[in-house]
Amino acid sequence: MQEIRPKSNLLSYIYMIILCAGVGALSGGLGKKVVIMSYMILGILMSAAIPLINVVTAKMKRMAIPVSAAIGAVFGGISAGVVCLIAYFNIIDIPIKWLLLSGIAYGTLIHLTYSLRRIWGLVYIELMTLIYFAMTLSYMLKFADFLLFREGLILATRTGLSMSLLFSAGWFTAVYLFDPCYYSYRKETRHSKLRLYAFSTILLLLFFIGLPKIFHLRVRYYDLVFRSKNNNRNLLKMLPDNTDLFAGYKVFKVNNCNLKESSFPIKDVMAFSISEDKLAAKTSIYQEVNVFKRGLYNKPEEKLESGGFLYEFSPDGNRLAICENELVKIFDMQNDGELLESINFIAPISNFCWTSSGKQLVLEDDKRKLSLFDIETGESNFFMTGVEPYLMNDGKVAYSDDNKILAADPNAPEVEPKVLYKLPEIQHELLFDFCFSPDEKYICYLYPHQDLFIGSSYIVISPMDQKKTPCVVGTVPQSHWDLDLYWLKKK
């Protein structure tokens, strides 16, 4: 196999830059959500830095590694800046500072690797194995909470690394073929034909091994976008003091201007509801519901017979409603959990809440219709279309519809609902839930990742007036979307 070498170093660099631009276009196209233009710019500028690195490091051999990394950082920042100017309409969701940060981090990484390979004599097989290992490891690492600049730096670096799997492989191949610094290295290497065949085989294997991860690249991108847009740590200092936010398997305690996360007080909880004094939870697949005194979770006070997964205490906490498909059961919590009512609804129940009178329920059926259900008579009347009914302090019922939180009086369906809060675009309503703080000045809601396979939804806190940006405080597994959110005063 004869090596093809241009007649001059200038032509070598030109071929290299053109080929790297093509690699960028290919990587952007395969990544789908990643813009082709952005990766073409990255490919051109990352390869354009190499002639400068070669000239500078020839005179500064002892400082070759840090100089290469520094020049790479500069060109990475320039690359991100050019993307902002030329193709920003395609990546407008991500703040410029984090785009620049990601470009600088990736520029530093790729040219640091380039200098190590050239100066330490690392061969192509070992280098590609190290790169792929580093990228695979980055997928295994847990996302940073993105609450601090340091955590943002980690996530941005990891995003740049993960999203450039194909780009890195193609870019290093183009550089290896046309960078003049490698001509003498390849000539002096023994068994050049065997090594070249080995390079091609290893690269092909790495490509096919990494191919499934292409579809995960946009997850990293969306994670960076959403967290960076919802990163208002100052908001946490303004939350109502001495309150507890129950979200999935987590409890967030607000105390002394600080939001502290702790684990759920009961193990293996599958569904729950909480009032001022009690907590009802399903902890097994058996037909029973354990009712605990709030704050005392060693032993349940009562055990109720029900296989339902939808619970809700009445406003006064004296009754507990449990829904099982189309069946509604009402238990008396002042009389050892005695069963008071067992009534059939006309359709499967997806969610529900009490009204302020405690005599009615607002039931959501499997077709997103909200009906006012009279407990004594069993009669029901449709009044709105929406999901996740929630009883407010003034007696109105809040619900989600068309990416908004609205409030309506269930006994006055003719009155136009009031818009309380405008949500981000949510594509999967079944994964969505929300609650208000006790003073109803803040809302907490679950925002699912746009790609379901990531397996979690963001827990987001935001002011109701939306004058300040929200804050992501954690995540909840999507498999437990039915675990409601409750924000109550501290017991």
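Residues numbered from 1 in each chain as written. Predicted model: local features only at pLDDT ≥ 70, side-chain atom pairs only at ≥ 80, totals over all residues. Heavy atoms only, no water.

Draft legend 1. Spatial organisation of the nonpolar core. One finds M16, I50, I110, Y114, F167, W171 and V175 to be the most contacted residues of the largest nonpolar core, which totals 24 residues. Mapped onto this core, the elements with two or more residues apiece are α1 (9–31), α2 (36–59), α3 (64–87), α4 (96–119) and α7 (165–178). For this core, the element with the most residues is α7, which contributes 7 residues. In this structure, I110 is in contact with M46, F167, W171 and F172, ignoring residues within four places of it in sequence. (Core = buried A, V, L, I, M, F, W, Y, C linked by side-chain atoms within 4.5 Å. Buried < 20%, exposed > 50% of the residue type's maximum accessible area, 1.4 Å probe, protein only. Helix = DSSP H or I, 4+ residues; strand = E, 2+ residues; numbered from the N terminus. Contact = heavy atoms within 4.5 Å.)

Draft legend 2. How the structure looks around the sheet that holds strand β19 (residues 418–422). One open sheet accounts for 4 strands, arranged β16-β17-β18-β19; its pairing is antiparallel. Pairing within the sheet leaves two strands with one partner each, and these edge strands are β16 (387–391) and β19. Direction aside, neighbouring strands of the sheet carry axes that sit 25° apart on average. (Pairing = 2+ DSSP bridges. Axes fitted to C-alpha atoms, helices over the stretch in contact; angles between N-to-C directions.)

Draft legend 3. Up close: the pattern of salt bridges. A complete count under the given rule lists 8 salt bridges for this structure. The shortest N-O distance in the salt bridge between D244 and K490 comes to 3.6 Å. Of this pair, D244 sits in strand β1 (residues 243–247) while K490 sits in the segment after β24 (485–489); the two residues are 246 residues apart in sequence, bridging distant segments of the chain. Overall, D244 belongs to the buried group, its relative accessible area being 5%. Residue classification places K490 among the partly exposed positions, given a relative accessible area of 36%. Where D402 meets K404, a salt bridge forms, and the shortest distance between an N and an O atom there is 3.3 Å. When its relative accessible area of 52% is taken as the criterion, D402 is described as exposed. (Salt bridge = Lys/Arg side-chain N within 4 Å of Asp/Glu carboxyl O.)

None of the figures reported here should be taken as evidence of function without further support.
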